[in-house]
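# Descriptive analysis of the structure
What follows is each chain in one-letter form.
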Amino acid sequence: MGTPSTPRIVVRDMAREDIRAVRRIESAAYQDAWPARVFESELENGFAQYRVAVERTAEDLPSGVIPSMRRLVSRGRRERIVGFMGVWYMVDQLHLVTIAVDPGRQGQGTGRRLLLDCFDLAREAELNEVVLEVRQSNARARALYEHFGFREAGVLKDYYKDNHEDAVVMLSGPLDAAALRTRLASLRGALDDDAPGVFEV
Ligand SMILES: CC(C)(COP(=O)(O)OP(=O)(O)OC[C@H]1O[C@@H](n2cnc3c(N)ncnc32)[C@H](O)[C@@H]1OP(=O)(O)O)[C@@H](O)C(=O)NCCC(=O)NCCS
């Protein structure tokens with residue numbers, strides 16, 4: 001028998017079956033969680049894409065196991081959703097609409113991994129930049145975005161209806177800028193150094 005291997009974080013598309021787990025994380029991470037029907041309609045929205053960060057633990061197989069056997073075992077691997085994000089495809093921007101990580105798993109690089117995936121989606125779609133809004137008081141998320149080179153572009157007054165808080169609009173700047181490309185490569189490298197072989201997309 002094999003032994004459980006180190007969990008890997010994989011980022012993949014969100015499916016309807018993931019909504020329950022995603023809502024659990026959202027309710028724990030956000031003060032204004034969406035109802036399930038919003039996720040259901042977002043998954044049908046052709047201009048939106050939702051991604052989940054999944055922790056997978058597979059059995060380590062003894063060497064020499066035949067490939068068909070490996071496939072059978074990998075079907076039985078354990079999966080746990082630890083974060084998610086949603087984006088909207090705009091004319092020339094990718095709009096990061098939501099991002100959250102299970103509070104018990106925050107501060108371990110999953111948010112960074114999701115943001116890197118967001119930039120990958122923007123680049124694959126040949127968009128010019130990434131845009132997002134963040135609560136003025138959300139210092140942790142703002143610090144994370146600043147690490148990624150986002151800059152404040154303006155303030156939307158009274159944007160959040162639950163507490164009348166302002167939103168800060170942040171822009172990544174052009175995706176083809178050399179400085180941003182270097183920054184993303186170094187963030188990706190740092191994640192790999194922290195957890196070699198643990199993250200993959
Ligand atoms: C914001 C959020 C998604 C970040 O997820 P996360 O998995 O904790 O993110 P990471 O571990 O990748 O990075 C966050 C931490 O690393 C820091 N960090 C990120 N990149 C860094 C870098 N290159 N160098 C140093 N520090 C870095 C951040 O400042 C933050 O620091 P802290 O742990 O001391 O607070 C998560 O906190 C969350 O779900 N918050 C609630 C929902 C929310 O506010 N979403 C954003 C709405 S706009």
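Structure shown above.
Residues numbered from 1 in each chain as written. Predicted model: local features only at pLDDT ≥ 70, side-chain atom pairs only at ≥ 80, totals over all residues. Heavy atoms only, no water.

On to the overall build of the protein chain. Looking only at helices and strands, the protein chain has 6 helices and 8 strands in total. Listing the helices and strands of the protein chain from first to last along the sequence gives β-α-α-β-α-β-β-α-β-α-β-β-α-β. When each of the 201 residues of the protein chain is scored for burial, the buried share is 40%. The long-range fraction of contacts in the protein chain, counting pairs at least 24 apart against all pairs at least 6 apart in sequence, stands at 70%. Carbon and sulfur atoms provide 51% of the accessible area of the protein chain, an area that totals close to 11100 Å². (Helix = DSSP H or I, 4+ residues; strand = E, 2+ residues; numbered from the N terminus. Buried < 20%, exposed > 50% of the residue type's maximum accessible area, 1.4 Å probe, protein only. Contact = heavy atoms within 4.5 Å. Areas by Shrake-Rupley, 256 points an atom, 1.4 Å probe, with all protein chains shown as cover.)

With respect to the secondary-structure elements, Glu-26 resides in helix 1 (residues 19–29). The side chain of Glu-26 sits in the buried core without any salt bridge; Arg-23 is the nearest counter-charge, 5.2 Å away. In this view, Glu-26 contacts Asp-32, Ala-33, Trp-34, Phe-39 and Phe-84; residues no more than four positions away in its chain are not counted. (Lys, Arg positive; Asp, Glu negative; His and termini not counted. Salt bridge = Lys/Arg side-chain N within 4 Å of Asp/Glu carboxyl O.)

On to the layout of surface pockets, then. To locate leftover empty space, one rolls a probe as large as a water molecule over the atoms. By volume, the largest pocket is sized at about 1000 Å³. Looking at the largest pocket, it is lined by 33 residues, and the ones nearest its centre are Tyr-30, Ile-99, Asn-138, Ala-141 and Tyr-145. Listing elements by their share of the lining of the largest pocket, those giving two or more residues are helix 1, strand 4 (93–101), helix 4 (110–124), strand 5 (129–135), helix 5 (139–147) and strand 6 (151–160). Ranked by the residues each element gives to the lining of the largest pocket, the list is headed by strand 4, at 7 residues. Of the residues in the lining of the largest pocket, the class split is 16 nonpolar, 10 polar and 7 charged. (1 Å grid on protein atoms, 1.4 Å probe; cavity = no way out; pocket = protein on both sides within 12 Å on 5 of 7 lines; lining within 4 Å. Points joined across faces, edges and corners; volume = space filled by probe spheres on them. Nonpolar A, V, L, I, M, F, W, Y, C, P; charged D, E, K, R; others polar.)

The next point concerns the environment of Leu-96. With respect to the secondary-structure elements, Leu-96 resides in strand 4. The sequence separation of Leu-96 and Ala-48 amounts to 48 residues, and the corresponding C-alpha distance is 9.9 Å. Beyond its immediate sequence surroundings of up to four residues, Leu-96 is in contact with Met-85, Gly-86, Val-87, Leu-115, Cys-118, Val-131, Leu-132 and Tyr-145.

This next bit is on the nonpolar core. Leu-96 and Tyr-145 are the most contacted members of the largest nonpolar core, which has 32 residues in total. Taken together, the elements giving at least two residues each to this core come down to strand 1 (8–13), strand 3 (78–89), strand 4, helix 4, strand 5, helix 5, strand 7 (165–171) and helix 6 (178–194). Take this core: its biggest share by element is 7 residues, from helix 4. (Core = buried A, V, L, I, M, F, W, Y, C linked by side-chain atoms within 4.5 Å.)

Attention shifts here to the pairing of strand 6. The pairing of strand 6 with strand 7 spans 6 bridges and is antiparallel. Pairing of Gly-154 across the sheet is with Val-169, part of strand 7. In textbook terms, the turn of a hairpin is the stretch between consecutive antiparallel strands, and for strand 6 and strand 7 this stretch comprises 4 residues, one of which, His-164, has a positive phi near 60 degrees. (Pairing = 2+ DSSP bridges.)

As far as function goes, none of this settles anything; it's purely spatial.
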